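So the chains spell out like this:
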Amino acid sequence: MSSTELPGVRAATAAAAPKAAAVRVAEGEELRSVTLPGLTLTVRSRPPARAGLPRALYVHGLGGSSLNWSALMPLLEDVVDGEALDLPGFGDSPPPDDGDYSLTAHARAVIRYLDAAGHGPVHLLGNSLGGAVSTRVAAVRPDLVRTLTLVSPALPELRVQRSAVPTALIAVPGVTSLFRRLSKDWTAEQRTHGVLALCYGDPSRVGDEALRNAVEEMERRIGLPYFWDAMTRSARGIVDAYTLGGQHGLWRQAERVLAPTLLVYGGRDQLVSYRMARKAAAAFRDSRLLTLPDAGHVAMMEYPETVALAFRELLDDCGGS
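Keep in mind that this is a model prediction, so the values were computed, not measured. (Residues numbered from 1 in each chain as written. Predicted model: local features only at pLDDT ≥ 70, side-chain atom pairs only at ≥ 80, totals over all residues. Heavy atoms only, no water.)

Novice: What's the story with the overall build of the protein in this structure? I'm lost.
Specialist: Each helix and strand counted, the protein has twelve helices and nine strands in total. For the protein, the exposed surface amounts to about 13,900 Å²; the carbon and sulfur share of it is 52%. (Helix = DSSP H or I, 4+ residues; strand = E, 2+ residues; numbered from the N terminus. Areas by Shrake-Rupley, 256 points an atom, 1.4 Å probe, with all protein chains shown as cover.)

Novice: For this particular structure, what's the right way to read the nonpolar core?
Specialist: What tends to happen in soluble globular proteins is that the nonpolar side chains get buried as a cluster. Core analysis: the largest hydrophobic core is formed by 55 residues, its most contacted members being Val110, Tyr113 and Phe284. The biggest single contributor to this core is helix α2 (residues 103-117), with nine residues. One finds Tyr58, Leu76, Ala84 and Leu211 within the second-largest nonpolar core, a separate group that totals 36 residues. (Core = buried A, V, L, I, M, F, W, Y, C linked by side-chain atoms within 4.5 Å. Buried < 20%, exposed > 50% of the residue type's maximum accessible area, 1.4 Å probe, protein only.)

Novice: Mind showing me how you'd approach the packing of helix α6 (residues 188-199) against helix α7 (residues 208-222) here?
Specialist: The description of two packed helices rests on the angle between their axes and on the distance between the axes. At a minimum axis distance of 9 Å, the contact between α6 and α7 shows a crossing angle of 110 degrees. Classified by the angle between their axes, α6 and α7 sit roughly perpendicular to one another. The hand of the α6/α7 crossing is right-handed. Residue-level inspection shows Ala188, Glu189, Arg191, Thr192, His193, Val195 and Leu196 of α6 in contact with α7, the latter providing Leu211, Ala214, Val215, Met218, Glu219 and Ile222. In the contact of α6 with α7, the residues fall into eight nonpolar, two polar and three charged. (Axes fitted to C-alpha atoms, helices over the stretch in contact; angles between N-to-C directions. Parallel < 35°, antiparallel > 145°, perpendicular 65-115°, else oblique. Left-handed = near helix turned anticlockwise from the far one by under 90°. Contact = heavy atoms within 4.5 Å. Nonpolar A, V, L, I, M, F, W, Y, C, P; charged D, E, K, R; others polar.)

Novice: Looking at this model, I keep getting lost on the side chain of Thr42. Mind explaining?
Specialist: With respect to the helices, strands and loops of the structure, Thr42 is situated in strand β3 (residues 39-45). In terms of polar contacts, Thr42 uses its side chain to reach the backbone carbonyl oxygen of Asp92, at 3.1 Å. (Polar contact = N/O pair within 3.5 Å; in protein donor to acceptor, adjacent residues only side chain to side chain.)

Novice: Can you help me understand the pattern of salt bridges in this one?
Specialist: Pairing is possible between side chains that carry opposite charge, provided their charged atoms lie close to one another. Summed over all chains, the structure comprises 13 salt bridges. In this structure, Glu29 engages Arg44 in a salt bridge whose closest nitrogen and oxygen atoms are separated by 2.6 Å. Residue Glu29 is located in the loop between β1 (10-11) and β2 (30-36), and its partner Arg44 is located in strand β3; the two are separated by 15 residues in the primary sequence. A single burial state applies to Glu29 and to Arg44, both of which are buried. Across the pair Arg141 and Asp115 runs a salt bridge whose closest N-O atoms are separated by 3.0 Å. (Salt bridge = Lys/Arg side-chain N within 4 Å of Asp/Glu carboxyl O.)

Novice: Would you take a moment to explain empty space enclosed by the protein for this structure?
Specialist: One water molecule sets the probe size; rolling that probe over the atoms shows where empty space is left. One pass over the full model with this rule turns up one cavity of 30 Å³ or more. Split into classes, the residues belonging to the lining of the largest cavity amount to four nonpolar, one polar and two charged. (1 Å grid on protein atoms, 1.4 Å probe; cavity = no way out; pocket = protein on both sides within 12 Å on 5 of 7 lines; lining within 4 Å. Points joined across faces, edges and corners; volume = space filled by probe spheres on them.)

Novice: How do you make sense of the packing of aromatic side chains when you look at a structure like this?
Specialist: The description of an aromatic ring pair rests on the distance of the ring centres and on the angle between the ring planes. As enumerated under the stated definition, the model contains two aromatic pairs in all. With 5.2 Å between their ring centres and 45 degrees between their planes, Tyr58 and Trp69 make a pair best called tilted. Residue Tyr58 is found in strand β4 (residues 55-59), and its partner Trp69 is found in the loop between β4 and α1 (73-76); the two are separated by eleven residues along the sequence. Comparing Tyr58 with Trp69, the two get one shared label, buried. A ring pair is formed by Phe227 and Trp228, whose centres lie 5.0 Å apart and whose planes are at 80 degrees; its orientation type is edge-to-face. (Phe/Tyr/Trp six-rings, centres within 6.5 Å; stacked < 30°, edge-to-face > 60°.)

Novice: Please clarify how the pairing of strand β8 (residues 261-266) should be interpreted in this entry.
Specialist: Remember that side chains alternate between the two faces of the sheet whenever the strand is regular. With six of six residues buried, β8 is to be regarded as a mostly interior element. Side chains Thr261, Leu263 and Tyr265 project from β8 onto one buried face, and the interleaved Leu262, Val264 and Gly266 project onto a second face that is buried too. As paired elements, strand β7 (residues 145-151) and β8 share four bridges and run parallel to each other. Across the sheet, residue Thr149 finds its bridge partner in β8, namely Leu262. By the bridge criterion, six bridges tie β8 to strand β9 (residues 287-292) in an arrangement that is parallel. (Pairing = 2+ DSSP bridges.)

Interpretation in functional terms is not warranted from these geometric data alone.
Encoded structure:
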């Protein structure tokens, strides 16, 4: 993994965090680590097709990493200069020094990275937790966001789907410890199949190579000493954000977003209800809606070509910049 320096940002050292194994880097991708005060982030990128393309930043969901965007990024490398972050405590990014995994802290990490890199305004894309984070970024720092693309964003629901309850329970004190004891004998392959069944509309769409890669990544993540802490505290951060009212409420912030917004919802999503698509389309003032009846929670991984086409249309309507 290479390290490069951003203006005012010190290159991360190998001692920044323990690593269970090397992080997978797809062909054509590059990884670098950057350090801000109290925060180290791993950034995944692909060389753009040509110089001068507008910047894009991809933000993953709970339990995910920048790898979640590896299927979409090459489909857009001719129209944007894209980078995908590993949020603090996920992927190859170590935990934040202050242990803060709140939604606000994750949004602050994205903002601090963009400010340090001088990349704004960018085309910001977020999935699940990353969608909620991106919504907050777009609301509080409109100068940093040219367009907003949200794939199954984790915005508050009054009636949470039954299939999403186990994930929400991770936020409850003591539940993670209990689950760790109950699942201590599970193999990485068993865990991976469970995640795919929850996140994909049709897990059989995952090919053999992709499955092997997912199992390898699961083994790596489970081996990190802070894995469960990052999961638990980030899940708690989502739940806490759902309870906020007033100007800090996520739906209120969605109404404040000025950037043209693409919303992507899957009809088989077990974590974010398909019925929230209409509410989201009404909340974001300049929005368009893409619904994929057969997709689950990670449409950019399941149907990357369709999502890429919708993003290109959004980009064209914004003048291609």
